[in-house]
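# Reading the structure
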Amino acid sequence: MVTIKKLEHNKFLPKVATAEQIKCSFFSFQGINTPIYYLANQSLINDTPFVDLSVTLEEEQSLLDTLLLAQWEERMWKGGFRYDVTASEIKIINGRKKFLAQLNEKWSADPFIFNCVSHDEELLFCVASSEKANSELVPLAAVPNGAILIIINATPVEYGHVFLIPCGSDRLYMDAISFEMILRAAVEINNYSFRLFYDCSSPATSHPYFQACYFPDHLPVELMAIDTFFSGGQRGIHVSTVINYPIKTLLFEYTHNTKMAMEVISEICSYLREKHIPHNLLISGCGKKIFLFLQKLANSCNLSAWECSGYFLFQTKHEFDQVTEEAMLKCLSTVSLDDEGFQAVKQLCRRIASKLAI
């Protein structure tokens, strides 16, 4: 259940911080006021199984989902994006994998500059933890410590494209607490079109962040067959290999609490960082499925999480028209972790899941 504090003067979408206010190292947002979505106390729901919405009647749109899309669309109408991503041409690449290609001549792959936000309304709102039994939306309040900032991407890949960035952290990697907060937000949004992406190249060179978009259809990796090699424990976690996919990929699925799931993922990602193995995450299925893509050590150019998922962007009409499945298979397989390294990661996953899922 979600409660909403009374809005003053019916301002559901208040004006947020200016660019000068936001220019601060590692997002120390002291004194900044913005909408705050407080997640319910996680300890109250840790052992509650998730409801499989795929076999239930369609439910109303969640408040967090409504808030994100309302804020994002408001920025769209105000000209906060460099182009209209809804006008981009998308096609299925011929072949068995059903890879997706998007033609976007104005897209830029430049990384987000965290201490120099260029627009005065990039910050949409933030998500924070609370000790209350129910989630709560506060229309305007100071950014609390440990919040997750939701900021638009001015060069979107898909509809609703945002950055999710831990506030007040100076770490060069995503810690377990931030991971869990972002995963809980995905569960709360409760929209199967919503996907989260995380890229971890080695060595880390910037402040860590997730990206999120809404995709109307399944991403190609989500349609692949799997081979489950760990299934058990009272916490309902399952770990599988995605088979016949060109880049080495694992799938983590869970039916109970987000905290345990992120403990498993965080420990695995910590190991990968120590070994300098580039990796990516895709979170889908309303937060209940986590794909881990494993790339080759010391790649000159690492792929993004959406590319690993089978979604490719092209900036010229010629490239878009000429793309083939064979070329995309080679693109993915060339950067993939080798068989020996993959088996080592699988053994590690089995050990960690066995330890934490008791």
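Treat the numbers as computed from the prediction; the structure is a model and nothing was measured.

### A short note on helix 7 (residues 325-335)
Buried within helix 7 are the following residues: Glu-325, Met-328, Leu-332 and Val-335. Seen along its axis, helix 7 keeps its buried residues to an arc of 115°; they face one direction. The outward face of helix 7, more than 90 degrees from its buried face, is lined by the exposed residues Glu-326 and Lys-330. The secondary structure elements touched by the buried residues of helix 7 are strand 15 (289-294), helix 5 (305-308) and strand 16 (311-314).

### Side note on the nonpolar core
Judged by nonpolar contacts, the single largest core of 97 residues is most densely connected at Leu-164, Leu-196, Phe-210, Tyr-245, Phe-252, Leu-281 and Ile-290. Sequence-distant contacts of Ile-290, defined by excluding residues within four places in its chain, comprise Leu-183, Leu-250, Leu-251, Phe-252, Tyr-254, Met-262, Ile-265, Leu-281, Leu-282 and Ile-283. In terms of nonpolar packing, the next biggest core, distinct from the first, is built from 16 residues, Ile-32, Tyr-38, Leu-123 and Val-138 among them.

### Comments concerning the pairing of strand 4 (residues 100-103)
Burial along strand 4 is two-sided: the residues Leu-100 and Gln-102 and Ala-101 and Leu-103 are all buried. Pairing geometry for strand 3 (residues 89-92) and strand 4, over 4 bridges, is antiparallel. Considered in strand 4, the bridge of Glu-89 is made with Leu-103. As paired elements, strand 4 and strand 16 share 4 bridges and run parallel to each other. Of the residues in strand 16, the one forming a bridge with Leu-103 is Phe-314.

### Examining the packing of helix 3 (residues 176-189) against helix 4 (residues 258-274)
Describing two packed helices takes the angle between their axes plus the distance from one axis to the other. Two numbers describe how helix 3 lies on helix 4: the axes approach to 9 Å, and their chain directions differ by 130°. When the axes of helix 3 and helix 4 are compared, the pair comes out oblique. Read as a crossing pair, helix 3 and helix 4 show a hand that is right-handed. Packed against helix 3, whose contacting residues are Ala-176, Phe-179, Glu-180, Leu-183, Arg-184 and Val-187, the element helix 4 presents Thr-258, Lys-259, Ala-261, Met-262 and Ser-266 at the interface. For the contact of helix 3 with helix 4, the class distribution of residues is 6 nonpolar, 2 polar and 3 charged.

### Looking at the packing of helix 4 against helix 8 (residues 339-356)
Packing of helix 4 against helix 8 leaves a shortest axis separation of 10 Å and a crossing angle of 145°. The interaxial crossing formed by helix 4 with helix 8 has right-handed handedness. Contacts between helix 4 and helix 8 involve Met-260, Glu-263, Val-264, Glu-267, Ile-268, Tyr-271 and Leu-272 from the former and Val-345, Leu-348, Cys-349, Ile-352, Ala-353, Lys-355 and Leu-356 from the latter.

About the cut-offs
Residues numbered from 1 in each chain as written. Predicted model: local features only at pLDDT ≥ 70, side-chain atom pairs only at ≥ 80, totals over all residues. Heavy atoms only, no water. Buried < 20%, exposed > 50% of the residue type's maximum accessible area, 1.4 Å probe, protein only. Helix = DSSP H or I, 4+ residues; strand = E, 2+ residues; numbered from the N terminus. Arc of directions from axis to C-beta. Contact = heavy atoms within 4.5 Å. Core = buried A, V, L, I, M, F, W, Y, C linked by side-chain atoms within 4.5 Å. Pairing = 2+ DSSP bridges. Axes fitted to C-alpha atoms, helices over the stretch in contact; angles between N-to-C directions. Parallel < 35°, antiparallel > 145°, perpendicular 65-115°, else oblique. Left-handed = near helix turned anticlockwise from the far one by under 90°. Nonpolar A, V, L, I, M, F, W, Y, C, P; charged D, E, K, R; others polar.

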